[in-house]
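# Per-entry structural report
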Amino acid sequence: MSENLRVAVIGAGRMGMDHILRLHHRTARAEVAAVVDIDPTRARAAIAGIPGASAVTDAGEALGSADVDAVLIATPGFLHEDILHQALARDIPILCEKPLTPDPASAWKVVQAEEKLGRRRIQVGFMRRYDAEYAALAGIVRSRELGDLLMLHHQHRNAATPAGFTNEMLINDSVVHEFDAVRFFTGEEITAVQVRIGKSTGNSPVGQRDPQQVLMETESGVLADVEIYVNARFGYQVSAQAAFEDGIVSIGADTGPLVRTDGRWGGRVAPGFEQRFSAAYDAEVQAWVDASLAGTAEGPSAWDGYATAACCAAGVEAQRTGQRVPVALNGKPALYLS
Ligand code: ISE
């Protein structure tokens, strides 16, 4: 009998494959027990070289297996809800890629199901909380060593968007991370969202307006602005600057060797989120495995998934109407209060 956490990974696409390789090669006390994908060829290819792992096309089959202790959900967001409810019914640890679910109503049902279970089983894949600089900035806010945090300025730039990336997805797929980051830094809920759309790049697909500017307000009045620019071409960049009463903190400068050659100097830009946040993803998955084996849960919770879904709903309405839209949140259940 294995003492490792035996994980079923649901979805063997871009993020699922990244996690399968991570679990197999870089995560202690974990093993890939099953991979589920609706495409059987893709599922089989994903377990190549992983002894003992099975490839199936039905999530229910993997979740019903006695060989599975925990589940990592990496399907597209609209497929999460059903799998989450099945996994909660089995009372097993769950790591669910963002978004928890695509809308606040379905996310709230997940929160209620977990609350009924009476203990936290869900960790949501907001990996930035495990990035060393993100954690350091949150620590500076908590310690108040620079006084109160007043404003945040975020930049979120992607090289290009995959086919079908709509205007709303700038909010739901990309800015969702910034909603969570602002909540993480401030320890507060976001109360209102505004979106401004100005001059667009000629490099975005038809119908998509890019870049956009998102403005958030938190409970104590901290303002956070985000430049979301998803067809920036040059590569991937996620950075932030925080203005405090007694100082400024910047995070997310590209690090790595600075090279002088051929009459120029510089470094490399990460091509995508897998590279930029590789260490954060490793730490996130290891923390989930460790907590799961200890019978606990940590990190971003189902409540965080629900609250960010509510922010996204406000963001999409703000994008559509040009108005400042308040974020509507239900009361926070006791399970998530500590
Ligand atoms: C993608 O789904 C992610 O989660 C990335 O972290 C984000 O940078 C990107 O904009 C999203 O499309």
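Just so you know, these numbers come straight off a predicted model, no measurement behind them. (Residues numbered from 1 in each chain as written. Predicted model: local features only at pLDDT ≥ 70, side-chain atom pairs only at ≥ 80, totals over all residues. Heavy atoms only, no water.)

### Remarks on the environment of Glu274
So the rule is basically this: Only DSSP runs of H or I covering at least 4 residues are called helices, and only runs of E covering at least 2 are called strands; the numbering of each starts at the N terminus. Relative accessible area decides the class of each residue, using a 1.4 Å probe on protein chains only: under 20% of the type maximum gives buried, over 50% gives exposed, and in between gives partly exposed. Note on contacts: a residue pair is in contact if any heavy atoms of the two residues lie within 4.5 Å.
Along the polypeptide, Glu274 turns up in helix 8 (residues 273–276). The class for Glu274 is buried, based on a relative accessible area of 16%. Sequence separation between Glu274 and His19 is 255 residues, and the spatial gap between their C-alpha atoms is 10.0 Å. Every residue in contact with Glu274, bar those within four places of it in the chain, is listed here: Arg14, Asp18 and Tyr281.

### With respect to unusual backbone geometry
Cis geometry is found at the peptide bond from Lys98 to Pro99, where omega equals -5 degrees. As for its position among the elements, Pro99 is in the loop between strand 5 (94–97) and helix 5 (104–117). For the bond running from Asp210 to Pro211, omega is 5 degrees, close enough to zero to count as cis. Within the secondary structure, Pro211 sits in the loop between strand 8 (190–197) and strand 9 (212–218). The backbone phi angle of Asp91 is positive, close to 60 degrees, even though this residue is not glycine. Relative to the elements of secondary structure, Asp91 occurs in the loop between helix 4 (80–90) and strand 5. We classify Asp91 as partly exposed; its relative accessible area is 23%. Even without glycine at this site, Arg144 takes up a positive phi of about 60 degrees. Along the chain, the position of Arg144 falls in the loop between helix 6 (132–143) and strand 7 (149–157).

### Quick word on the domain arrangement of the protein chain
Which entries qualify depends on this criterion: Where each domain begins and ends is defined by an automated method or by a domain database. Using a 1.4 Å probe, buried area is obtained as the accessible area two parts lose upon being combined, added over both of them. For salt bridges, the criterion is a side-chain nitrogen of Lys or Arg within 4 Å of an Asp or Glu carboxyl oxygen. Whenever two N or O atoms come within 3.5 Å, that pair is a polar contact, provided that in protein one can donate a hydrogen and the other can accept it, and provided that, for residues adjacent in sequence, both atoms are side-chain atoms. Think of it as three bins: nonpolar holds Ala, Val, Leu, Ile, Met, Phe, Trp, Tyr, Cys and Pro, charged holds Asp, Glu, Lys and Arg, and polar takes everything else, Gly as well.
What the domain assignment lists for the protein chain is domain 1 (5–128 + 279–300) and domain 2 (129–277 + 307–336). On a C-alpha basis, the centres of domain 1 and domain 2 stand 25 Å from each other. On the side of domain 2, 24 residues touch domain 1, which itself brings 28 residues to the contact. For the pairing of domain 1 and domain 2, the buried interface totals around 2,400 Å² over both sides, and the portion due to carbon and sulfur atoms is 62%. Here domain 1 and domain 2 share three salt bridges between them. Its salt-bridge partner being Arg14, residue Glu274 comes within 2.5 Å of it at the nearest N-O pair. Linking domain 1 with domain 2 are 16 residue pairs in polar contact (both at pLDDT 80 or more), by the criterion used here. Taken together, the elements giving at least two residues each to the side of domain 1 that touches domain 2 come down to helix 1 (14–25), helix 5 and helix 9 (278–293). Residues that form the side of domain 1 that touches domain 2 fall into these classes: 13 nonpolar, four polar and eleven charged.

### A short note on the pairing of strand 5
To keep it simple, the criterion reads: Two strands qualify as a pair provided that DSSP identifies no fewer than 2 bridges between them. Handedness of a crossover: with both strands directed away from the viewer, a clockwise path from the first strand across the helix to the second marks it as right-handed.
On strand 5, burial covers both faces: Ile94 and Cys96 on one face and Leu95 and Glu97 on the other are all buried. Summarising the sheet, strand 4 (residues 70–73) and strand 5 pair through three bridges and their orientation is parallel. Paired with Ile73 across the two strands is Cys96, which belongs to strand 5. Taken together, strand 4, helix 4 and strand 5 form a β-α-β motif whose crossover is right-handed. Direction of pairing for strand 5 relative to strand 6 (residues 122–125): parallel, over a ladder of four bridges. For Ile94, the partnering residue across the bridge sits in strand 6 and is Ile122.

### Description of empty space enclosed by the protein
Put simply, the rule reads: A 1.4 Å probe that fits but cannot get out identifies a cavity on a 1 Å grid over protein atoms alone, an open set with protein on both sides within 12 Å along at least five of seven lines counts as a pocket, and a residue lines either if it has an atom within 4 Å of a point. Grid points are joined across faces, edges and corners, and a volume is the space filled by probe spheres set on the points.
Under the definition given, this model contains one cavity of 30 Å³ or more. Lining the largest cavity are Pro93, Ile94, Arg120, Arg121, Ile122, Gln123, Trp288, Ala291, Ser292, Thr296, Ala297 and Glu298. Those elements that provide at least two residues to the lining of the largest cavity are strand 6 and helix 9. Top contributing element to the lining of the largest cavity by residue count: helix 9, with three residues. Considering only residue class, the lining of the largest cavity consists of six nonpolar, three polar and three charged.

### Focus on the packing of helix 4 against helix 5
In helix packing, the relevant descriptors are the interaxial angle and the interaxial distance, both defined with respect to the helix axes. For clarity, the cut-off: Axes here mean lines fitted to C-alpha atoms, for a helix over just the part in contact, with angles spanning 0 to 180 degrees between N-to-C directions. Here is the rule for angles: anything less than 35 degrees is roughly parallel, anything more than 145 is roughly antiparallel, 65 through 115 is roughly perpendicular, and the remaining ranges are oblique.
Between helix 4 and helix 5, the shortest axis-to-axis distance is 10 Å and the interhelical angle comes to 5 degrees. When the axis of helix 4 is compared with that of helix 5, the two are roughly parallel. Touching Glu81, Leu84, His85 and Leu88 of helix 4 are Ser106, Lys109, Val110, Ala113, Glu114 and Leu117, all from helix 5.

### Some details on the environment of Met216
The topology assignment puts Met216 in strand 9. In this structure Met216 comes out as buried when scored by relative accessible area, which is 0%. Spatially, the C-alpha atom of Met216 lies 9.7 Å from that of Glu178, the residues being 38 residues apart in sequence. Beyond its immediate chain neighbours, meaning those up to four positions away, Met216 contacts Val175, Glu178, Phe179, Val182, Ile190, Ala192, Val222, Leu223, Ala224 and Val226.

### Re the layout of surface pockets
Looking at the second largest pocket, its volume works out to about 370 Å³. Lining the second largest pocket we find 18 residues, and of these Arg129, Asp304, Lys332, Tyr336 and Ser338 sit closest to its centre. Those elements that place two or more of their residues in the lining of the second largest pocket are helix 7 (167–186) and helix 10 (302–321).

### Remarks on the packing of aromatic side chains
For clarity, the cut-off: In this analysis, rings of Phe, Tyr and Trp, with Trp reduced to its six-membered ring, are considered paired at centre separations within 6.5 Å, and the interplanar angle assigns stacked below 30 degrees, edge-to-face beyond 60, and tilted for intermediate values. In this analysis the charged atom, NZ for Lys or CZ for Arg, is taken to sit over a ring once it is within 6 Å of the ring centre and within 35 degrees of the ring normal.
Under the defined criterion, the tally for this structure stands at eight aromatic pairs. Geometrically, the ring pair formed by Trp108 and Trp303 is edge-to-face, given 6.5 Å between the ring centres and 75 degrees between the ring planes. Residue Trp108 is found in helix 5, and its partner Trp303 is found in helix 10; the two are separated by 195 residues along the sequence. Measuring from centroid to centroid gives 6.4 Å for Tyr134 and Phe277, while their planes differ by 70 degrees, and the two rings are edge-to-face. In this pair, Tyr134 is assigned in helix 6 and Phe277 in the loop between helix 8 and helix 9, connecting sequence segments 143 residues apart. Here the two residues Tyr134 and Phe277 agree in accessibility, since each one is buried. Taken together, the aromatic side chains of Tyr134, Phe184, Phe185, Tyr236, Phe273 and Phe277 make up a single cluster linked through ring pairs. Sitting above the plane of the Phe277 ring, Arg276 keeps its charged end 4.2 Å from the centroid.

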